[in-house]
Amino acid sequence: MRVVAIVASAVIALSGCATRILQEQDAEAVVPFRHSEEAQLVVQTHVNDKGPFDFAVDTGASISVVFDKLCGRAELPTNSDKLTTIQGLVAAGRYPVITLDRLEVGAVSWNDVEVAVLPSDAPACAAIEGILGTDVLSRYAIGVYSGEGALRFFPPEIVSERTYEGWASIPMKQMRVGDARATLYVIDLNIFNERIRAIFDLGAGLNMMNWKAARFLDLRIRRAGSREILRGAVEMTELTGAYTVDRLEAGLMNWFDVEFLIADLDVFDALGLNDKPTAIVGSGFFQGRDFIIDFNRGRLLVRRAVR
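Residues numbered from 1 in each chain as written. Predicted model: local features only at pLDDT ≥ 70, side-chain atom pairs only at ≥ 80, totals over all residues. Heavy atoms only, no water.

Undergrad: For this particular structure, what's the right way to read the pattern of salt bridges?
TA: Any two side chains of opposite charge can pair, given that their charged atoms come close. Under the defined criterion, the tally for this structure stands at 11 salt bridges. We note a salt bridge from D294 to R297, for which the minimum N-O separation is 3.4 Å. A relative accessible area of 34% places R297 in the partly exposed class. Ionic pairing is found between R299 and D294, a salt bridge with its closest N-O pair at 2.8 Å. With respect to class, R299 is no different from D294; both count as buried. Residues participating in the shared-partner salt-bridge network are D49, R102 and E104. (Salt bridge = Lys/Arg side-chain N within 4 Å of Asp/Glu carboxyl O. Buried < 20%, exposed > 50% of the residue type's maximum accessible area, 1.4 Å probe, protein only.)

Structural data, given as structure tokens:
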């Protein structure tokens, strides 16, 4: 299990089909977010009616997390007989699991939520106090509205139509990993007419690929800048290679000038992917785009650029 961590109002008229409108006003909650220095999406969250605390939205985390600096403020225990393995980007460890009575973001809340407790000296803890993982996020369709700086929490049935005008659909698949069969989400990228699997990880901020992918694509890697440091949930590491892809496709959409940092990270090895061309797309991949994460239907809805 790893902790690291697209659509607006539209209509479509199809032959023989009714007009389809994305009912954005039916979102259960609209919550402001900010970007951390690591490009994470950060929202204010209440824990057991205390807070607010800064939590990162992380689609690469299959379990939510609190850092122990929050535990003192929220009067939570930091020890437990129950442990879980947290697989970060660059290292892994075993950490206590506690149960929160209530976790609340805006007008949405979850009761009896199991979370892992990580130490506050973890690199990922610098600007946040907790992580919202897919264990709670996947109960909604999550809209990320970059222009507004807001998240919309949609009941899954609100985005149940197959298509919406102005939005493209990118298939998103589940990948079960580890002994606990934790869930990650992956999309396919088409780079130079080659298909690369990419882990969808809003908690990462940066885009990355392993050296197997770089060699498979025959990339001419440039040396990464001296300040390219990856801060994972557990440890940090320096990244030594980088490449900017001038054009790639995801679904039926094009992306231009996308930078990938190159490294054989611990997470690739832990997932058994170091021998397979694999990438990670972070929040920077979607910079400036609105998108909805539709966990139930296995897709990302991405707003098309207005021409």
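Next comes the rest of the write-up.
Undergrad: Mind showing me how you'd approach the packing of aromatic side chains here?
TA: Aromatic ring pairs are described here by two measures, namely the spacing of the ring centres and the angle between the planes. Taken as a whole, this structure holds nine aromatic pairs when the rule is applied. Ring centres 6.4 Å apart and planes at 85 degrees place the aromatic pair W255 and F286 in the edge-to-face group. Linking W255 in strand β23 (residues 253-262) with F286 in the loop between β24 (278-281) and β25 (291-294), this pair joins segments that are 31 residues apart in sequence. For the pair W255 and F286, a shared accessibility class is recorded, and that class is buried. One aromatic cluster is present, built from ring pairs that chain together F200, W255, F285, F286 and F291. Between R152 and the ring centre of Y145, over which it is positioned, the NZ or CZ distance is 4.5 Å. Above the ring of W255, the side-chain terminus of R289 is found at 4.3 Å from the ring centroid. (Phe/Tyr/Trp six-rings, centres within 6.5 Å; stacked < 30°, edge-to-face > 60°. Helix = DSSP H or I, 4+ residues; strand = E, 2+ residues; numbered from the N terminus. Lys NZ or Arg CZ within 6 Å of the ring centre and 35° of its normal.)

Undergrad: What am I meant to see in the sheet that holds strand β12 (residues 141-145) here?
TA: In a beta sheet, neighbouring strands are held together by backbone hydrogen bonds and run either parallel or antiparallel to one another. In space, the six strands of this open sheet follow the order β3-β13-β12-β25-β26-β14, with antiparallel pairing throughout. The open sheet is flanked by β3 (29-32) and β14 (167-171), the only strands paired with a single partner. For this sheet, the mean angle separating the axes of adjacent strands, direction not counted, is 20 degrees. Sheet topology places β12 next to strand β13 (residues 150-154); five bridges connect them, and they run antiparallel. For Y145, the partnering residue across the bridge sits in β13 and is A150. (Pairing = 2+ DSSP bridges. Axes fitted to C-alpha atoms, helices over the stretch in contact; angles between N-to-C directions.)

Undergrad: It is not clear to me how the side chain of T59 should be interpreted in this structure. Could you clarify?
TA: Tracing the backbone through its elements, the reader meets T59 in the loop between β6 (50-57) and β7 (64-67). For T59, a relative accessible area of 1% corresponds to the buried category. A distance of 3.0 Å separates a polar atom in the side chain of T59 from the backbone oxygen of F200. Polar side-chain contacts of T59 include one of 2.9 Å to the backbone nitrogen of L202. (Polar contact = N/O pair within 3.5 Å; in protein donor to acceptor, adjacent residues only side chain to side chain.)

Undergrad: It is not clear to me how the environment of V186 should be interpreted in this structure. Could you clarify?
TA: With respect to the helices, strands and loops of the structure, V186 is situated in strand β16 (residues 182-191). V186 gets classed as buried once you look at its relative accessible area, which sits at 4%. Separated by 92 residues in the primary sequence, V186 and T278 place their C-alpha atoms 10.0 Å from one another. Excluding its chain neighbours within four sequence positions, the residues that come into contact with V186 are P171, M172, K173, M175, R197, A198, I199 and F200. (Contact = heavy atoms within 4.5 Å.)

Undergrad: Even after reading the chapter, I still don't get unusual backbone geometry, so can you show me in this structure?
TA: Only a minority of non-glycine residues have a phi that is not negative, and only a minority of peptide bonds are not trans. For the peptide bond that leads from G51 to P52, omega is 15 degrees, which places it in the cis range. With respect to the secondary-structure elements, P52 resides in strand β6. The phi dihedral of N48 falls on the positive side, at around 50 degrees, and the residue is not glycine. In this structure, N48 sits in the loop between β5 (41-47) and β6. Of note, D257 is a non-glycine position whose phi angle comes to about 55 degrees, a positive value. Residue placement: D257 occurs in strand β23.

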